[in-house]
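Working through the structure, step by step
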Amino acid sequence: MSPTTPRVLVCIATYKERENLEPLVREILSVAPQVDILVTDDNSPDGTGQIADRLAQEDPRVHVNHRAGKLGLGTAILAGLRYAMEHGYDRVVSMDADYSHHPRYLPAVIAGLDKHDVMIGSRYIPGGGVANWPLSRQMMSAAINAYVRLLMRLPARDTSGGFRGYSVAFLRRVNFKNLISRGYSFQQEVLLRCRLAGARIGETPILFEDRRFGTTKVNPWEMIRSIWAITRIGVASLFGNVPR
Ligand SMILES: Nc1nc2c(ncn2[C@@H]2O[C@H](COP(=O)(O)OP(=O)(O)O)[C@@H](O)[C@H]2O)c(=O)[nH]1
Ligand SMILES: [Mg+2]
């Protein structure tokens, strides 16, 4: 690889993704053979972590971070971003493990980082969309995005999705201290911290499709926790109290 080729890490957080993980990893490596992959698994009881270990044994591009138990999506993604910062990557992309974020969009997310510090795989710009998601989830997502835009004034249409690329050099300038979020509101909180650090934020359209196998880990309790966290973060930002 030439010294100018950026080193890219794709981070996948998994909790009970036994059927999805292997085909996803193989497809990522076929559309983007230059990337490394980090799977952060929270001791999934269905054996996802062992599948990740086998994939890592078979291919040196695959790495696994085992955590002791279900510690939340936000902290899993943060662990991936930190891993990228500590291991000399130039770009890091986070995506879900359930095929809602299709690897076919990876090249556009990665290429967008030539001109942006943060690149969002976006459902809510022209060309993007959502397929097969229950109407209740679509309405929830629309409401959360509207609420976040009002509270945090983020210059992006899709602030809640987890398909994101970041410039690692830029992430080093972002203040991650005292994050409020452990779960799904991590997406909004990190985007806000990035904006406070002066991020150029771009979006590229994706079609988000409902998961292929397994069930969502979002439950009413997680929803309430995230909305409460978003409210706390939004109010803190209105008063200029988010660390920058
Ligand atoms: N490591 C880890 N991954 C998680 C956790 N919660 C959710 N995930 C993963 O985060 C991604 C999104 O979760 P999902 O249940 O599909 O949420 P939804 O798409 O909003 O319904 C999936 O890859 C999950 O396996 C967690 O606590 N820890
Ligand atoms: Mg999902």
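Source: prediction; values computed, not measured.

**A short note on helix α7 (residues 186-196)**
Residue pairs three or four apart in sequence face the same way in an α-helix, which turns once every 3.6 residues. Taking burial as the measure, the eleven residues of α7 include ten buried ones, the bulk of the element. Listed as buried for α7 are F186, Q187, Q188, E189, V190, L191, L192, R193, C194 and L196. Following α7 by one or two positions, G198 has its phi on the positive side, about 90°.

**Brief notes about the site of ligand 1**
If you check the shell around ligand 1, you find 19 residues, and the closest are E17, D42, R137, T216 and K217. Take T14: an N or O atom from its main chain is 3.2 Å from a nitrogen atom of ligand 1. In the model, a nitrogen atom of ligand 1 is placed 3.2 Å from a nitrogen or oxygen of the T40 main chain. Contact with the protein chains covers 97% of the free accessible surface of ligand 1, which is 570 Å². If you list the elements that add at least two residues to the shell around ligand 1, you get β1 (8-14) and α3 (73-86). Considering only residue class, the shell around ligand 1 consists of seven nonpolar, four polar and eight charged.

**Details of the packing of helix α5 (residues 135-152) against helix α8 (residues 220-238)**
Contact geometry for α5 and α8: axes closest at 9 Å, N-to-C directions at 15°. With respect to their mutual orientation, α5 and α8 come out roughly parallel. The handedness of the crossing between α5 and α8 comes out as right-handed. Mapping the contact onto sequence places R137, M140, I144, Y147, V148, L151 and M152 in α5 and M223, I227, I230, T231, I233, G234, V235, S237 and L238 in α8. When the residues that make up the contact of α5 with α8 are grouped by side-chain class, the tally is twelve nonpolar, three polar and one charged.

**Describing empty space enclosed by the protein**
Gaps between atoms show up when a probe of the same size as a water molecule is rolled over them. Per the stated rule, a full pass over the model turns up one cavity of 30 Å³ or more. Its boundaries defined by the atoms lining it, the largest cavity holds a volume of some 30 Å³. Around the largest cavity, the lining residues are C11, A13, L73, I77, S94, M95, D96, G162 and Q187. When contributions to the lining of the largest cavity are tallied by element, the ones reaching two or more residues are β1, α3 and β4 (91-96). By residue number, the principal contributor to the lining of the largest cavity is β4, which donates three residues. Partitioning the lining of the largest cavity into residue classes produces five nonpolar, three polar and one charged.

**Things to note about the layout of surface pockets**
Roughly 780 Å³ of internal volume is contained in the largest pocket. Surrounding the largest pocket, 39 residues form its lining, L73, D96, R137, Y184 and V218 being those nearest its centre. Elements with a contribution of two residues or more to the lining of the largest pocket: β1, α3, β4, α5, α7 and α8. Empty space within the second largest pocket amounts to approximately 200 Å³. In terms of lining residues, the second largest pocket is bounded by K70, L71, G72, L73, R182, G183, Y184, K217, N219, W221, E222 and R225. Take the lining of the second largest pocket: its biggest share by element is three residues, from α8. Of the residues assigned to the lining of the second largest pocket, the class counts are four nonpolar, three polar and five charged.

**Points about the packing of aromatic side chains**
Any aromatic ring pair is given by two values, namely how distant the centres are and how the planes are angled relative to each other. Throughout the structure, instances matching the rule amount to one aromatic pair. Positioned over the ring face of Y89 is R7, at 4.2 Å from the centre of the ring. Sitting above the plane of the Y99 ring, R212 keeps its charged end 3.7 Å from the centroid.

**A few points about the pattern of salt bridges**
A side chain of one charge can pair with a side chain of the opposite charge when the charged atoms of the two come close. Overall, the coordinates contain 16 salt bridges when judged by the stated rule. In this structure, R54 engages E22 in a salt bridge whose closest nitrogen and oxygen atoms are separated by 2.7 Å. Taken together, the residues span a long stretch of sequence, with R54 in helix α2 (residues 48-58) and E22 in helix α1 (residues 18-31) at a distance of 32 residues. On the accessibility criterion, R54 (32% relative accessible area) is partly exposed. In this structure, R123 and D158 form a salt bridge, with 2.8 Å as the shortest nitrogen-oxygen distance. One end of the pair, R123, is in the loop between β5 (118-122) and β6 (129-131); the other, D158, is in the loop between α5 and β7 (164-167), with 35 residues separating them in the sequence. Take R123 and D158: they sit in the same class, and that class is buried. Within this structure, E17, D98, R211 and K217 form a network of salt bridges that share partners.

Definitions and limits used
Residues numbered from 1 in each chain as written. Chains lettered and ligands numbered in written order. Predicted model: local features only at pLDDT ≥ 70, side-chain atom pairs only at ≥ 80, totals over all residues. Heavy atoms only, no water. Buried < 20%, exposed > 50% of the residue type's maximum accessible area, 1.4 Å probe, protein only. Helix = DSSP H or I, 4+ residues; strand = E, 2+ residues; numbered from the N terminus. Near = heavy atom within 4 Å. Polar contact = N/O pair within 3.5 Å; in protein donor to acceptor, adjacent residues only side chain to side chain. Areas by Shrake-Rupley, 256 points an atom, 1.4 Å probe, with all protein chains shown as cover. Nonpolar A, V, L, I, M, F, W, Y, C, P; charged D, E, K, R; others polar. Axes fitted to C-alpha atoms, helices over the stretch in contact; angles between N-to-C directions. Parallel < 35°, antiparallel > 145°, perpendicular 65-115°, else oblique. Left-handed = near helix turned anticlockwise from the far one by under 90°. Contact = heavy atoms within 4.5 Å. 1 Å grid on protein atoms, 1.4 Å probe; cavity = no way out; pocket = protein on both sides within 12 Å on 5 of 7 lines; lining within 4 Å. Points joined across faces, edges and corners; volume = space filled by probe spheres on them. Phe/Tyr/Trp six-rings, centres within 6.5 Å; stacked < 30°, edge-to-face > 60°. Lys NZ or Arg CZ within 6 Å of the ring centre and 35° of its normal. Salt bridge = Lys/Arg side-chain N within 4 Å of Asp/Glu carboxyl O.

Remember, this is a structural readout, not a statement about activity or role.
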